[in-house]
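# Report on the structure
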Amino acid sequence: MTNVDDQQAALLELRGNVMIITINRPEARNAVNGAVSIAVGDALEEAHQNPDVRAVVITGAGDKSFCAGADLKAIARRENLYHPDHGEWGFAGYVHHFIDKPTIAAVNGTALGGGTELALASDLVVADERATFGLPEVKRGLIAAAGGVFRIVNQLPRKVAMELLLTGEPLTASQACQWGLINQVVSDGSVVDAALALAARVTVNAPLSVQASKRIAYGVDDGIVTDEEVGWERTMREMRTLIRSEDAREGPLAFAEKRDPVWKAR
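Residues numbered from 1 in each chain as written. Predicted model: local features only at pLDDT ≥ 70, side-chain atom pairs only at ≥ 80, totals over all residues. Heavy atoms only, no water.

Taking an unreviewed UniProt entry as the reference, the protein is identified by name as Probable enoyl-CoA hydratase EchA17 belonging to Mycobacterium spongiae. Of the protein, the UniProt comment under Sequence similarities (unreviewed entry) reads exactly: "Belongs to the enoyl-CoA hydratase/isomerase family." We quote the UniProt Function (unreviewed entry) comment for the protein here in full: "Could possibly oxidize fatty acids using specific components." (UniProt positions renumbered as here; feature names shortened; annotations may be inferred.)

Set out below in structure tokens:
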């Protein structure tokens, strides 16, 4: 960990052989800034390197929001949202940071935009019944650039994924479970307990077998999910063009001013 602020941005707890990472910015709906990316990225790497850790659970503090995506205020201040030493780990130090230990998202509330992308980057997902999932970036003149666009079409039936992508409208937890986007919905606010119970069903198995199975399932060579690299390159290429558009400026501005955006397709 880098400093006290970074440690507070995400809380770590070892529960037996499971590391629990809690994004700890409930006052900002657990939005991701640089401190979160450092804290989560470093914790994930520690879990990867530590043979005593057999699985990881990631969740958000409080009961309202799992993760509200990127911290727009930090972006407005032109802060770096990525890990300064490991930008390649991507959003929250997580979405492009492969580890061979199983990862479980315990989605305790709203998971729109980057929050859904954290769930998409996890191996297993348990969600509170009040949780919602969605990629509303098109409503802001942007795209789900943290792996969301190409992962959602791999994890949902194509027509369902395209409706979610093109409308920007959310899914409820029960709908997400029905379509196989998540594994389990819990009703009593015990989403971390449910994630730990699921982790226990995994960690009872031979760890080297679990890790090898995960690497093969994802098509991993040298710590990289090779089939996804084309998707990452295409995302970055499209984003570089899109971010210079008038619409990409209009979307966040309209959101901040609480009005409907006026699109110009330029």
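### Some thoughts on unusual backbone geometry
Phi is positive for Arg29, close to 55 degrees, though the residue is something other than glycine. Residue Lys258 is not a glycine yet carries a positive backbone phi of 55 degrees. Looking at where Lys258 falls in the secondary structure, it is placed in the segment after helix 11 (246-256). Taking the relative accessible area as the measure of exposure, Lys258 reaches 77% and is therefore exposed. (Helix = DSSP H or I, 4+ residues; strand = E, 2+ residues; numbered from the N terminus. Buried < 20%, exposed > 50% of the residue type's maximum accessible area, 1.4 Å probe, protein only.)

### Thoughts on the packing of helix 5 (residues 148-155) against helix 6 (residues 158-167)
The relative placement of two packed helices comes down to the angle between their axes together with the axis-to-axis distance. Where helix 5 contacts helix 6, the two axes come as close as 7 Å, and the packing angle between them is 150 degrees. Helix 5 and helix 6 meet at a crossing whose hand is right-handed. Each of Val149, Ile152 and Val153 in helix 5 lies in contact with helix 6, whose residues at this interface are Arg158, Ala161, Met162, Leu164 and Leu165. Considering only residue class, the contact of helix 5 with helix 6 consists of seven nonpolar, no polar and one charged. (Axes fitted to C-alpha atoms, helices over the stretch in contact; angles between N-to-C directions. Left-handed = near helix turned anticlockwise from the far one by under 90°. Contact = heavy atoms within 4.5 Å. Nonpolar A, V, L, I, M, F, W, Y, C, P; charged D, E, K, R; others polar.)

### Topic: the sheet that holds strand 9 (residues 184-186)
Ordered by their spatial adjacency, six strands build an open sheet running 1-2-3-4-6-9, and the pairing between neighbours is mixed. Edge positions in the sheet fall to strand 1 (10-15) and strand 9, since each has one partner strand and no second. Pairs of neighbouring strands in the sheet enclose a mean axial angle of 20 degrees, with direction left out of account. The sheet contact formed by strand 1 and strand 2 (residues 18-23) spans six bridges and is antiparallel. Residue pairing in the sheet places Ala10 in a bridge with Ile23 of strand 2. (Pairing = 2+ DSSP bridges.)

### Topic: the sheet that holds strand 5 (residues 111-112)
Reading across from one edge, 5-7-8 is the order of the three strands in this open sheet, with mixed pairing throughout. The open sheet terminates on both sides in strands that have one partner only, identified here as strand 5 and strand 8 (171-172). Taken together, the two bridges between strand 5 and strand 7 (residues 132-134) define a ladder with parallel strand orientation. Bridged to Leu112 within strand 7 is Gly134.

### Re a positive patch on the surface
A surface patch of like charges, here positive, comprises Arg234, Arg237, Arg240 and Arg244. With respect to the element layout, Arg240 can be found in helix 10 (residues 229-242). (Patch = residues over 30% accessible without salt bridge, like charges linked within 9 Å, V, L, I, M, F, W, Y side chains within 5 Å. Areas by Shrake-Rupley, 256 points an atom, 1.4 Å probe, with all protein chains shown as cover. Salt bridge = Lys/Arg side-chain N within 4 Å of Asp/Glu carboxyl O. Lys, Arg positive; Asp, Glu negative; His and termini not counted. Charge placed at Lys NZ, Arg CZ, Asp CG, Glu CD.)

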